[in-house]
Amino acid sequence: VVFGYDVHDGWATICAAAGTLSQGWVEVTGDPATAVPDHRSGVHWLPARLVELVQRWKPRVVGLDGGNGPALGVLAEVREAFTLAGLDPEVVQPLTTGAYKAACESMFTGVKDGKVHRPRLEPDQLHTAGVFAAERTIGDQWLWDRRCKVPVSPLVAATIARSLLAAGAGPAEDPFFFFS
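Residues numbered from 1 in each chain as written. Predicted model: local features only at pLDDT ≥ 70, side-chain atom pairs only at ≥ 80, totals over all residues. Heavy atoms only, no water.

### Comments concerning the overall build of the protein
Within the protein, the regular secondary structure consists of seven helices and nine strands. Relative to all contacts within the protein whose residues are 6 or more apart in sequence, the contacts with residues 24 or more apart total 68%. Of the roughly 8,300 Å² of accessible surface on the protein, a fraction of 56% belongs to carbon and sulfur atoms. (Helix = DSSP H or I, 4+ residues; strand = E, 2+ residues; numbered from the N terminus. Contact = heavy atoms within 4.5 Å. Areas by Shrake-Rupley, 256 points an atom, 1.4 Å probe, with all protein chains shown as cover.)

### A closer look at the pairing of strand β5 (residues 62-65)
It is a general feature of regular strands that their side chains alternate between the two faces of the sheet. Side chains of β5 alternate between two faces, with Val62 and Leu64 and Gly63 and Asp65 buried alike. The pairing of strand β1 (residues 2-8) with β5 spans two bridges and is parallel. When the sheet's bridge partners are listed, glycine 4 is paired in β5 with glycine 63. One ladder, built from four bridges, connects β5 with strand β6 (residues 92-95); its direction is parallel. Across the sheet, leucine 64 pairs through a bridge with proline 94, a residue of β6. (Buried < 20%, exposed > 50% of the residue type's maximum accessible area, 1.4 Å probe, protein only. Pairing = 2+ DSSP bridges.)

### Considerations on the packing of aromatic side chains
Inspection of the entire model under this criterion finds two aromatic pairs. Measuring from ring centre to ring centre gives 4.9 Å for tryptophan 142 and tryptophan 144, while their planes differ by 75°; the resulting arrangement is edge-to-face. As far as burial versus exposure is concerned, tryptophan 142 and tryptophan 144 are alike and both buried. An aromatic cluster of three or more residues is present, and its members are Phe108, Trp142 and Trp144. Sitting over the face of the ring of tryptophan 45, arginine 40 holds its NZ or CZ atom 4.3 Å from the ring centroid. (Phe/Tyr/Trp six-rings, centres within 6.5 Å; stacked < 30°, edge-to-face > 60°. Lys NZ or Arg CZ within 6 Å of the ring centre and 35° of its normal.)

### Thoughts on the layout of surface pockets
One number sums up the size of the largest pocket: a volume of about 300 Å³. Of all the elements in the fold, those that place two or more residues in the lining of the largest pocket are α4 (97-112) and α5 (125-132). The residue inventory of the lining of the largest pocket, partitioned by class, reads 10 nonpolar, two polar and two charged. The computed volume of the second largest pocket comes to approximately 150 Å³. Lining the second largest pocket are Asp65, Gly67, Asn68, Gly69, Thr97, Tyr100, Arg136, Leu143, Trp144, Asp145, Arg146 and Arg147. Only α4 and β9 (141-144) provide two or more residues apiece to the lining of the second largest pocket. (1 Å grid on protein atoms, 1.4 Å probe; cavity = no way out; pocket = protein on both sides within 12 Å on 5 of 7 lines; lining within 4 Å. Points joined across faces, edges and corners; volume = space filled by probe spheres on them. Nonpolar A, V, L, I, M, F, W, Y, C, P; charged D, E, K, R; others polar.)

### Topic: the pairing of β9
Sheet topology places strand β8 (residues 135-138) next to β9; four bridges connect them, and they run antiparallel. Across the sheet, arginine 136 pairs through a bridge with leucine 143, a residue of β9. Counting the residues that bridge the hairpin from β8 to β9 gives two residues, and of these glycine 139 lies at a positive phi of roughly 65°.

### Notes on the packing of α5 against helix α6 (residues 153-164)
Look at α5 against α6: their axes get within 7 Å of each other, and the N-to-C directions meet at 100°. Between α5 and α6, the angle is such that the two are roughly perpendicular. Here Gln125, Leu126, Ala129 and Gly130 of α5 lie close against α6, whose contacting residues are Pro154, Leu155 and Ala158. The residue makeup of the contact of α5 with α6, split by class, is five nonpolar, two polar and no charged. (Axes fitted to C-alpha atoms, helices over the stretch in contact; angles between N-to-C directions. Parallel < 35°, antiparallel > 145°, perpendicular 65-115°, else oblique.)

### Some thoughts on the environment of threonine 20
Locating threonine 20 in the fold gives a position in the loop between β2 (11-19) and β3 (24-27). For the pair threonine 20 and serine 163, spaced 143 residues apart in the sequence, the C-alpha separation amounts to 9.3 Å.

### Quick word on the packing of helix α1 (residues 46-57) against helix α3 (residues 75-84)
Two packed helices can be described by the angle between their axes and the distance between those axes. Where α1 contacts α3, the two axes come as close as 9 Å, and the packing angle between them is 45°. The pairing of α1 with α3 is recorded here as oblique in orientation. The interaxial crossing formed by α1 with α3 has right-handed handedness. In contact with Pro47, Leu50, Val51 and Val54 of α1, α3 contributes Glu77, Val78, Ala81 and Phe82. (Left-handed = near helix turned anticlockwise from the far one by under 90°.)

This is the structure in structure tokens:
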């Protein structure tokens, strides 16, 4: 289990991924009462919610786009909240720009090839972000364009979380249990 978080256009999102890159699950929801990660307005809630989720699910890593100023802006608060809760603040790691670009391409390819699965199929913020998502080319690579009609933070957080599955993750024993 891994988490990714993102901040965009006044919204923050935490997303979870479990499994492997070739057979992974990603999920995001707007219901803060559930055990799964969420998508809400503002960032004031983000550090405490990440602490709660990390204490409950014990992910290997929590990632963020190291090139995203708003996500980096809350990183110190997140790490401080982890320290105060007795958690290792170094579990929260920014992705380099190169790693994030590769993650975007991998997510796009994974969705196109049917390697990314979601336990919840009804439209939600992740679905909406995916529908409106566009690419922004930088050099010979691309990343998700933040100049979008809707907040793309759910898609970015899912992309980051999924990319972290490659770093030593074994197959999930029962990914649906995690999201129940």
